[in-house]
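Take a look at the letters that make up each chain.
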Amino acid sequence: MTLLAHTGIVFGRCLRSTLRSKTNLFFGMLQPLLLLALFGPLLTGLDMGVSGSSWQTLVPGVLVQLALLGGSYVGLGLLMDRNLGVLDRMRVTPVSPLALLLGRTLRDVVQLVAQSVLLVLLGLAFGLRAPLPGVLVGLLFVAVLAAALSALSYGLAMNVRTSPEFAAIANTAAMPLMLLSGLLLPMTLAPGWLEGASRAVPFRYTVDAVRQVFLGHYANTTVAVGAAVTLALAALCLMGGARLFGRVRG
Amino acid sequence: MSSSVIRVRGLTRTFALGSGPVHAVRGIDLTVGRGEILGFLGPNGAGKTTTLRMLTTLLPPSGGEAEIAGRDLLRDPAGVRRRIGYVAQSGGLDPACSVREELVTQGRLHLMSRGAAAGRAAELAAELGLSGLMDRPTGALSGGQRRRVEIALGLVNRPEVVFLDEPTTGLDPGSRAELWDLVRRVRAEHGTTVFLTTHYLDEADALADRIVVVDAGRIVAEGTSAELKRRYAGDPATSLQDAFLAITGRSTAERPLAI
Ligand SMILES: Nc1ncnc2c1ncn2[C@@H]1O[C@H](COP(=O)(O)OP(=O)(O)O)[C@@H](O)[C@H]1O
Ligand SMILES: [Mg+2]
């Protein structure tokens, strides 16, 4: 109860701050929308070796990419708060230290889910057809993944000193992971070695599962494995994030 | 000094760096009386901020113990946090946040209800002359105004002890004088104990009931301004600067002293 209440207080503060920065909101959203609008039409005539329309493959990929990129960069905001002394000021209050992490993470999840809804709506306008329950389950996957990455990103931000340092690490990690998960094009197109490598990347399982639910398939191994991997990743990242967050550096 | 509100014994902090250990604080023993204004004076790098960060629960000590506002620093850090205020040297304001948002949220972080937090924000704004600035983003305030907001944030929970880290560094002379008045007023009206660090001799001289001089992580002298002048410069009429030079062998000010 207390942790929940404390998380709510921190969440409120973070959400208000997000809603204030209209430009950030706008540009954060613009990139995935452009990707969908300018890249999506290229795929409509291609045979990607998957069932369903190309939109049912691309939209889940862009959703996971949004969570991956959006989630991994949230630490930059925390780093700024750290350097301004805002975080220290908040840490010298009775609010639970874990709530300082969870409140922020919850804000990121809400923001990413809102952006995902917009993205799906744009997809619909372009020709995406997917069952509503499938879309809702897909958004749930995105939410869990966003929580995982955001917590991890905050853990990282607590343990580096400067923004360039943070960006270098986040970029280096996010780029290959993104390519290896088959977000923009399915891994069915990949040669054997690449397909094998992508099996080591957890987001691969998330995006495969989201593609399945967008096709209306819920009770199969791909979805079960995707759910298990995504939840395990979230548990691991939240625990790791909380640890890294709690560790005090100078 | 009727009762003490801060007791520190053998406080140390060593940072492990790749280049070897840095002994930032080498053993601080200190007692501060309730309602006292203590000036923690020392040159840059003396260990003032490190000491303050330990006393405010932000940094775990390498050794030693402390009791603050009746709570044990190591065993009950949350209890300490409830009873203190901390104003960091870097301030801790979000430039995009309005003054009101900062004040009310700080009250909420001290677990006040929405109504109580709003009430407390208005009360502090009136007391610190911020009422006309409530809807301004803190990034649009002058240095002196910003400092007042930061101090208001440190006072939201009516702390028994407020820690101020170099509160006037970077302020113009007029704002410094205003801030000194504010600190004196807070102590006079609420009996708040003030633990402030400074590297300005004139600030310690003008504001502090008692001065603790730190250098290289240790306390090297302690007393009222007059005592320090008499003891180290031989004459209470000389400047604290001379006493300080005698104590540390060097001057504190990186730039000419204001005022
Ligand atoms: N996080 C840290 N890691 C390594 N060394 C540090 C850290 N913080 C402070 N120090 C070192 O400890 C010493 C005391 O620093 P500080 O407490 O900031 O001094 P002051 O506030 O008196 O200027 C300095 O030598 C400083 O470089
Ligand atoms: Mg300092």
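Parameters at a glance
Residues numbered from 1 in each chain as written. Chains lettered and ligands numbered in written order. Predicted model: local features only at pLDDT ≥ 70, side-chain atom pairs only at ≥ 80, totals over all residues. Heavy atoms only, no water. UniProt positions renumbered as here; feature names shortened; annotations may be inferred. Helix = DSSP H or I, 4+ residues; strand = E, 2+ residues; numbered from the N terminus. Rg over C-alpha atoms; globule rule 2.2 N^0.38 Å. Buried < 20%, exposed > 50% of the residue type's maximum accessible area, 1.4 Å probe, protein only. Contact = heavy atoms within 4.5 Å. Lys, Arg positive; Asp, Glu negative; His and termini not counted. Charge placed at Lys NZ, Arg CZ, Asp CG, Glu CD. Salt bridge = Lys/Arg side-chain N within 4 Å of Asp/Glu carboxyl O. Buried area = accessible area lost by both parts, 1.4 Å probe. Near = heavy atom within 4 Å. Polar contact = N/O pair within 3.5 Å; in protein donor to acceptor, adjacent residues only side chain to side chain. Areas by Shrake-Rupley, 256 points an atom, 1.4 Å probe, with all protein chains shown as cover. Nonpolar A, V, L, I, M, F, W, Y, C, P; charged D, E, K, R; others polar. Core = buried A, V, L, I, M, F, W, Y, C linked by side-chain atoms within 4.5 Å. Pairing = 2+ DSSP bridges. Axes fitted to C-alpha atoms, helices over the stretch in contact; angles between N-to-C directions.

- As annotated in an unreviewed UniProt entry, chain B carries the name ATP-binding cassette domain-containing protein and is attributed to Streptomyces niphimycinicus.

- Per an unreviewed UniProt entry, the recorded name for chain A is Transport permease protein, and the organism is Streptomyces niphimycinicus.
- Looking at chain A in UniProt, the text filed under Sequence similarities (unreviewed entry) is "Belongs to the ABC-2 integral membrane protein family."

**Remarks on the overall build of chain A**
For step 1, the next point in the chain: In terms of regular secondary structure, chain A is built from 11 helices and zero strands.
For step 2, the next point in the chain: What you see in chain A, going N to C, is helices and strands ordered as α-α-α-α-α-α-α-α-α-α-α.
For step 3, the next point in the chain: In terms of overall size, chain A behaves like a compact globule, its C-alpha atoms giving a radius of gyration of 18 Å where 250 residues would be expected to give roughly 18 Å.
For step 4, the next point in the chain: Seen through its principal axes, chain A has C-alpha atoms that stretch 55 × 35 × 35 Å.
For step 5, the next point in the chain: For chain A, the proportion of its 250 residues judged to be buried stands at 48%.
For step 6, the next point in the chain: Here the analysis covers contacts within chain A between residues at least 6 apart in sequence; of these, 81% occur between residues at least 24 apart.
For step 7, the next point in the chain: Side-chain charges of chain A comprise 17 positive and 7 negative groups, with the mean position of each set lying 10 Å from the other.

**Examining the pattern of salt bridges**
It is possible for side chains bearing opposite charge to pair when their charged atoms get close.
For step 1, the next point in the chain: Inspection of the entire model under this criterion finds 29 salt bridges over all chains.
For step 2, the next point in the chain: Note that E101 of chain B and R16 of chain A form a salt bridge whose closest N and O atoms lie 2.9 Å from each other. Here the residue E101 of chain B occupies a position in helix α3 (residues 99-109), and R16 of chain A occupies one in helix α1 (residues 2-20), the pair thus bridging two chains.
For step 3, the next point in the chain: On the accessibility criterion, E101 of chain B (12% relative accessible area) is buried.
For step 4, the next point in the chain: D181 of chain B is the salt-bridge partner of R184 of chain B, the closest N and O atoms lying 3.1 Å from each other. Of this pair, R184 of chain B and D181 of chain B both sit in helix α6 (residues 173-190), three residues apart, which is roughly one turn of the helix.
For step 5, the next point in the chain: Classification of R184 of chain B by relative accessible area gives partly exposed; the value is 31%.

**What to know about the interface of chain B and chain A**
For step 1, the next point in the chain: Taken together, the 27 residues of chain B in the interface contact 22 residues of chain A.
For step 2, the next point in the chain: Taken together, the two surfaces of chain B and chain A that pack against each other cover about 2300 Å², and 57% of this comes from carbon and sulfur.
For step 3, the next point in the chain: The largest share of the area that chain B buries against chain A comes from L58, R81 and L109 of chain B, three residues that together contribute 26% of it.
For step 4, the next point in the chain: The tally of links between chain B and chain A comes to five salt bridges.
For step 5, the next point in the chain: Listing elements by their share of the side of chain B that touches chain A, those giving two or more residues are α2 (77-83), β6 (84-87) and α3 of chain B.
For step 6, the next point in the chain: Residue contributions to the side of chain B that touches chain A peak at six residues, all from α3 of chain B.

**Brief notes about the site of ligand 1**
For step 1, the next point in the chain: In the vicinity of ligand 1 there are 14 residues, among which G45, G47, K48, T49 and T50 of chain B approach most closely.
For step 2, the next point in the chain: Per-site note: the chains with residues close to ligand 1 are chains A and B.
For step 3, the next point in the chain: For ligand 1, an oxygen atom lies 2.7 Å from a polar atom in the backbone of G45 of chain B.
For step 4, the next point in the chain: About the coverage of ligand 1: the protein hides 70% of its 560 Å² of free accessible area.
For step 5, the next point in the chain: Where the shell around ligand 1 is concerned, the elements lending two or more residues are β1 (4-17), β2 (20-33) and α1 (48-55) of chain B.
For step 6, the next point in the chain: Tallying contributions element by element places α1 of chain B first for the shell around ligand 1, with three residues.
For step 7, the next point in the chain: Looking at the shell around ligand 1 residue by residue, the classes come out as six nonpolar, six polar and two charged.

**Things to note about the nonpolar core**
For step 1, the next point in the chain: Membership of the largest hydrophobic core comes to 41 residues, with the highest contact counts inside it found for L36, V59, L63, V120, L145, F203 and F214 of chain A.
For step 2, the next point in the chain: A per-element tally of this core places helix α7 (residues 132-157) of chain A first, with 10 residues.

**What about the environment of G115 of chain B?**
All names here are of chain B.
For step 1, the next point in the chain: Relative to the helices and strands, G115 resides in helix α4 (residues 114-127).
For step 2, the next point in the chain: We classify G115 as exposed; its relative accessible area is 53%.
For step 3, the next point in the chain: Taking the C-alpha atoms as reference points, G115 and V104, separated by 11 residues in sequence, lie 9.2 Å from one another.

**Structural notes on the UniProt feature "domain: ABC transporter" (unreviewed entry) in chain B**
For step 1, the next point in the chain: Under the UniProt annotation, the feature "domain: ABC transporter" (unreviewed entry) is placed at residues 6-241 of chain B.
For step 2, the next point in the chain: Here residues 6-241 of chain B is 38% helix and 28% strand, with 27 Å between the C-alpha atoms at its ends.

**Quick word on the side chain of S54 of chain A**
All names here are of chain A.
For step 1, the next point in the chain: Among the secondary structure elements, S54 is positioned in helix α3 (residues 54-73).
For step 2, the next point in the chain: The exposure class assigned to S54 is buried, which follows from its relative accessible area of 10%.
For step 3, the next point in the chain: Once residues lying within four places of it in the same chain are set aside, the contact partners of S54 are L43, T44 and M48.

**Comments concerning the sheet that holds strand β10 (residues 218-223) of chain B**
All names here are of chain B.
For step 1, the next point in the chain: Pairing is mixed across the open sheet formed by six strands, whose spatial order is β6-β7-β8-β3-β9-β10. Across the chains shown, the open sheet's two edge strands, defined by having one partner strand only, are β6 and β10. The mean angle between the axes of side-by-side strands here comes to 15°, regardless of whether they run parallel or antiparallel.
For step 2, the next point in the chain: In this sheet, strand β9 (residues 210-215) lies alongside strand β3 (residues 37-41) in parallel orientation, the contact comprising four bridges. When the bridges of β9 are listed, G39 appears paired with I211.
For step 3, the next point in the chain: Set on the sheet, helix α5 (residues 143-155) makes contact with β6 and β7 (161-165); between it and β6 the angle comes to about 155°.

**Looking at unusual backbone geometry**
All names here are of chain B.
For step 1, the next point in the chain: The phi dihedral of A69 falls on the positive side, at around 50°, and the residue is not glycine.
For step 2, the next point in the chain: With relative accessibility at 8%, the residue A69 sits in the buried group.
For step 3, the next point in the chain: A positive phi is found at L111, a non-glycine position, where the angle reads about 65°.
For step 4, the next point in the chain: Its place among the elements puts L111 in the loop between α3 and α4.
For step 5, the next point in the chain: Looking at L111, the relative accessible area reads 39%, which means it is partly exposed.

**Things to note about the environment of T230 of chain A**
Residue and element names in this part refer to chain A.
For step 1, the next point in the chain: Within the secondary structure, T230 is located in helix α11 (residues 221-246).
For step 2, the next point in the chain: Assessed through its relative accessible area of 2%, T230 is described here as buried.
For step 3, the next point in the chain: Beyond its immediate stretch of four places on either side in the chain, T230 contacts F141, V144, L145 and T206.

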